[in-house]
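# What the coordinates show
Spelled out, the chains give:
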2 protein chains.
Amino acid sequence: MTKKEVIVLRDLLGTNKQVAAEIRCELRARGILAVNLLSSPGSGKTTLLESLADRFRDRFRMAVIEGDIETERDAERIRAKGVPAWQITTGGACHLEARMVGKVLAGVPADLDFLFIENVGNLVCPASFDLGEELRCVLLSSPEGDDKPKKYPQAFLSADVLILTKSDLVPHLPFDPAKASEEALSIKPGLRVFQVSALRGEGVDELAAFFIEALGRLRSARA
Amino acid sequence: MTKKEVIVLRDLLGTNKQVAAEIRCELRARGILAVNLLSSPGSGKTTLLESLADRFRDRFRMAVIEGDIETERDAERIRAKGVPAWQITTGGACHLEARMVGKVLAGVPADLDFLFIENVGNLVCPASFDLGEELRCVLLSSPEGDDKPKKYPQAFLSADVLILTKSDLVPHLPFDPAKASEEALSIKPGLRVFQVSALRGEGVDELAAFFIEALGRLRSARA
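Now for a description of the structure that goes with this document. (Residues numbered from 1 in each chain as written. Chains lettered and ligands numbered in written order. Predicted model: local features only at pLDDT ≥ 70, side-chain atom pairs only at ≥ 80, totals over all residues. Heavy atoms only, no water.)

### A few points about empty space enclosed by the protein
Evaluated as defined, the whole model comprises one cavity of 30 Å³ or more. Counted as a void, the largest cavity has a volume near 70 Å³. Residues that form the lining of the largest cavity fall into these classes: four nonpolar, six polar and four charged. (1 Å grid on protein atoms, 1.4 Å probe; cavity = no way out; pocket = protein on both sides within 12 Å on 5 of 7 lines; lining within 4 Å. Points joined across faces, edges and corners; volume = space filled by probe spheres on them. Nonpolar A, V, L, I, M, F, W, Y, C, P; charged D, E, K, R; others polar.)

Have a look at this one:
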């Protein structure tokens, strides 16, 4: 990078951090647990959200902000589950920024429990942008390979939770879930690890329980 | 983006384009076919290159430039096939730029046939950076889903070739190869489409034959 590029990036990240801090403050005050989902394209973010929507139905109020370069496809899938969804199409940009989330926030119902933010499918750039979330989850699908954490360390380092997805495909693949989580834990000790097959509904209950617990903690801290 | 960011990006892309044009000119003069491989992380770029190395052995001289954020893992896998490989670790940057390729080029053997450039695993940012390649291939693995071309249009629009990878997994997935290629062709008419399973060696001969033909055309044009 040139000196000018470095300065622009520093300004950009600085402004983003400030806006994200304001969003986090507002969401905590409203008692809403915000979760930022990060992964490569096609790792199963939307399918996981569909599966969580089935679990939370009638018990919790959830909403989704969908980040995509183009199309409303993901928001339409979420709405079909009866869950409110806002689509942010970045029109080429490779990540969401806090100000984009901030614009949507005013329209989000006040009585929400969970706000999931599905980032643009990209294991690199979104990792540098705080969106004001309470929890950051990185998804790694089994077909992507167990060698990915060290190749894309920032995504794993910045996450609180690792979700190994598409576990139903493991028997057909050269993928070792233990190796993937060990490598991720060597980058970020303390990372919580879950393994799911959202298509088959396996492991999603445990993950839902974890989010419910985290919501409880957020609200106790507020009280 | 702010006005300052737009100006920096325009300058960056302008400089990159110029360096890429010089690289293309040099490679054509040397009769080397350069191929830029673009995809999400874990779509099978390195496994495809290993499989091509087996096909070209004793018949063609191939070399690989590996782009990764961190680790030398991919270059080591290629070298284990007896193919010279240069690792560019970008240290956080989300794509290769022409100047990075230019620095490696001086050390590339003069008597080469194919130079493959494996870009950083990212279906977004690398699409904006010409590396001086003759052919750009975008890979889409079946587990990523057949809805990806319209969600990440720039990668497909900028490519000459679409390679549908991991076809061995199709029976286990909600993935329709015809739908994926139709959608990609609606973005970029004339795109050449191949379907491969590099793990099983299926479809790789057809792709290798296509590269050999392209090499022949490059050298005829030069003569």
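### So, the interface of chain A and chain B
With 41 residues of chain A at the contact, the number on the chain B side is 41 residues. Taking both sides of the interface into account, the surface hidden between chain A and chain B amounts to around 3200 Å²; carbon and sulfur atoms contribute 60%. The three residues of chain A that bury the most area against chain B are A:P41, A:R73 and A:K151, which together make up 20% of that side's buried surface. Linking chain A to chain B there are six salt bridges. Where B:D68 meets A:K151, a salt bridge forms, and the shortest distance between an N and an O atom there is 3.7 Å. Applying the counting criterion to the chain A and chain B interface returns eleven residue pairs in polar contact (both at pLDDT 80 or more). Of all the elements in the fold, those that place two or more residues in the side of chain A that touches chain B are α1 (3-29), α3 (73-79) and α5 (148-151) of chain A. Among the residues making up the side of chain A that touches chain B, the classes are represented as 18 nonpolar, seven polar and 16 charged. (Contact = heavy atoms within 4.5 Å. Buried area = accessible area lost by both parts, 1.4 Å probe. Salt bridge = Lys/Arg side-chain N within 4 Å of Asp/Glu carboxyl O. Polar contact = N/O pair within 3.5 Å; in protein donor to acceptor, adjacent residues only side chain to side chain. Helix = DSSP H or I, 4+ residues; strand = E, 2+ residues; numbered from the N terminus.)

### A short note on the pairing of strand β4 (residues 114-118) of chain B
Residues and elements named next belong to chain B. Across the five residues that make up β4, a large majority, five, are buried. Residue alternation in β4 divides its side chains into two sets, F114, F116 and E118 and L115 and I117, and both sets are buried. Sheet topology note: the strand β1 (residues 33-38)/β4 ladder contains five bridges and is parallel. Each residue of the ladder has a partner; that of L37, found in β4, is E118. Note that strand β2 (residues 62-68) and β4 share five bridges and pair parallel. Within β4, the position partnered with E66 by the bridge is E118. (Buried < 20%, exposed > 50% of the residue type's maximum accessible area, 1.4 Å probe, protein only. Pairing = 2+ DSSP bridges.)

### A word on the packing of aromatic side chains
Residues and elements named next belong to chain B. Per the stated rule, a full pass over the model turns up 14 aromatic pairs over all chains. For the pair F116 and F211, a centre-to-centre distance of 5.4 Å together with 75° between the ring planes defines the contact as edge-to-face. Of this pair, F116 sits in strand β4 while F211 sits in helix α8 (residues 204-222); the two residues are 95 residues apart in sequence, bridging distant segments of the chain. Each member of the pair, F116 as well as F211, carries the same accessibility label: buried. (Phe/Tyr/Trp six-rings, centres within 6.5 Å; stacked < 30°, edge-to-face > 60°.)

### Description of the environment of B:T71
Here B:T71 shows up in the loop between β2 and α3 (73-79). Put simply, B:T71 and B:A29 are 42 residues apart on the chain and 32 Å apart in space, counted from C-alpha to C-alpha.

### A short note on the sheet that holds strand β7 (residues 192-195) of chain A
Residues and elements named next belong to chain A. Ordered by their spatial adjacency, seven strands build an open sheet running β3-β2-β4-β1-β5-β6-β7, and the pairing between neighbours is parallel. A single partner strand is all that each edge strand has here, and the edge strands are β3 (85-89) and β7. On average, each strand axis in the sheet is inclined to that of its neighbour by 20°, with strand direction left out of account. Along the sheet, helix α8 (residues 204-222) makes contact with β1 (33-38), β4 (114-118), β5 (135-141), β6 (161-165) and β7, crossing β1 at roughly 140°. (Axes fitted to C-alpha atoms, helices over the stretch in contact; angles between N-to-C directions.)

### What to know about the layout of surface pockets
Over the atoms, a rolled probe matching the size of one water molecule traces out where space is still vacant. Approximately 610 Å³ is the volume found for the second largest pocket. The set of elements that each furnish at least two residues to the lining of the second largest pocket consists of α5 of chain A together with α2 (45-56), β2 and α3 of chain B. In terms of residues, the lining of the second largest pocket owes the most to one element, α2(B), which gives five residues.

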